[in-house]
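Coordinate inspection notes
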Amino acid sequence: MTANASPSSADLPATRSEPLFGTLLTAMITVFAADGSVDLDATAAMAVQLVDDGCDGLVVCGTTGEYSTMTDEENLSVFRAVKEAVGSRVPLLAGTGSNDTEHSRYLSRAAEKLGMDGLLIVTPYYNKPSQAGVEAHFRSLADSVDLPIMLYDIPGRAGIPIATETLISLAGHPNIVAVKDAKADLVAATRVLAETDLLYYSGDDGLTLPWMAIGAAGLIGVTTHVATARYRELVDAVRAQDLATARRINAELEPVVRATMTRAPGAVAAKTILMWQDRLPHNTVRLPHVPPTEAEAALIRADLRGSVVADTLLETID
């Protein structure tokens, strides 16, 4: 989409009322069998349950999906399984980012052939390229496919941000349409929202309300695995401009966010809570992830006990 003149506040709800990728997306776990192999049937079943519970989009094989410890064929098999399970119901974003542009190009083209609806592509990590290199990386990939692309700006993992000026420039590419922001710079994002047509999605579960207050389309979350319906209520309340309800739900969700996102890596904590809920048979992750220690598990349980939302969760956990 091309950069455009700053829209008036009255224009914003109309132009962003029906976001391309949905408003509540879960960055899905990949379910592994006890021996560490990919369990395609269980992963597809998880996708169905997330959609049934309120997700109107999914990210497949992102960071939480442990894509970086999976082979290309495993990633593609998960794309295929989730597409078959829920692809007729919600948009599906394939995580195809890499610090190797050619590797990312291969995965992106393969995801397109499998019928995925869009791509989530993270900033090239570890290499720490210049902003000129970051822009060239994204443009090269966007030129390679006919799918809409969401950029993933997460300097905590990538080591570098996508600069505001780089985002504004990239918005001129017709295939680059959205940003998942885990940088938490709402001031910078406000400028990008004002000067471009890029859709923004919160990449921080606990910042969903402030992000949507400045114009983000919604959330791509991990905590949404374990409190999907309540996040649906939060997103819908903000979109209905019911700030009082949104504030209440946001406060109720805070301990659940703490449990899922701060005591252990998100994939580890989410799988553990899902196992406690009897929604997964085990919490198998791949190295370098390991299950939570006893101390970490105790903290997760304590966080959940501190939430009104978690009262329902704990009916199965305790």
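The residue numbering used here restarts from 1 in each chain and proceeds along that chain's sequence as written. Residue-level local features of this predicted model are given only where pLDDT is at least 70; pairs of side-chain atoms are given and counted only at 80 or more, and the full residue set underlies all totals for whole chains, interfaces and linings. Side-chain descriptors were evaluated using all non-hydrogen atoms of the structure, hydrogens and water having been removed beforehand.

Let us look at the pairing of strand S8 (residues 218-221). Alignment of strand S1 (residues 24-27) against S8, held across three bridges, turns out to be parallel. Its bridge partner being in S8, Leu24 is matched across the sheet by Leu219. If DSSP finds at least two bridges between two strands, the strands pair. Strands here mean DSSP runs of E at least two residues long; helices mean DSSP runs of H or I at least four residues long; both are numbered from the N terminus. In this structure, strand S7 (residues 199-202) lies alongside S8, joined through two bridges in parallel fashion. From the neighbouring strand, Ser202 faces S8, where its bridge partner is Leu219. With helix H9 (residues 208-213) bridging S7 and its parallel neighbour S8, the resulting β-α-β unit is right-handed. The crossover handedness rule: strands pointing away from the viewer, path from first strand over the helix to second strand clockwise, crossover right-handed.

UniProt positions are given in the numbering used here, feature names are shortened, and annotations may be inferred rather than shown by experiment. The UniProt record marks Tyr152 and Lys180 with the feature "active site" (unreviewed entry), using the residue numbering of this structure. Separation in sequence by 29 residues is not matched in space for these annotated residues, since their most distant C-alpha atoms are only 4.8 Å apart. Relative to the elements of secondary structure, Tyr152 occurs in strand S5 (residues 149-153). In this view, Tyr152 contacts Thr63, Leu120, Ile121, Val122, Thr123, Ile162, Lys180 and Ala182; residues no more than four positions away in its chain are not counted. Structurally, Lys180 is set in strand S6 (residues 176-181). Type-normalised accessible area, obtained with a 1.4 Å probe on protein chains alone, sets the label of each residue: buried when under 20%, exposed when over 50%, and partly exposed for intermediate values. By relative accessible area, which is 6% here, Lys180 ends up buried. Two residues form a contact once any of their heavy atoms are found within 4.5 Å.

Turning next to the packing of aromatic side chains. Aromatic pairs are defined between Phe, Tyr and Trp rings, using the six-membered ring for Trp, whenever the two ring centres lie within 6.5 Å; interplanar angles under 30 degrees are classed as stacked, those over 60 as edge-to-face, and all others as tilted. Under the counting rule described, the total for this entry stands at one aromatic pair. On the numbers, 5.6 Å between centres and 20° between planes, the contact of Tyr200 with Trp211 is stacked. Here Tyr200, found in strand S7, pairs with Trp211, found in helix H9; they are eleven residues apart in sequence, far enough to count as distant. Here the two residues Tyr200 and Trp211 agree in accessibility, since each one is buried. As a reminder, the over-ring test applies to NZ of lysine and CZ of arginine, requiring each to be within 6 Å of the ring centre and within 35 degrees of the ring normal. Directly above the aromatic system of Trp276 lies the positively charged group of Arg301, at a separation of 4.1 Å from the ring centroid.

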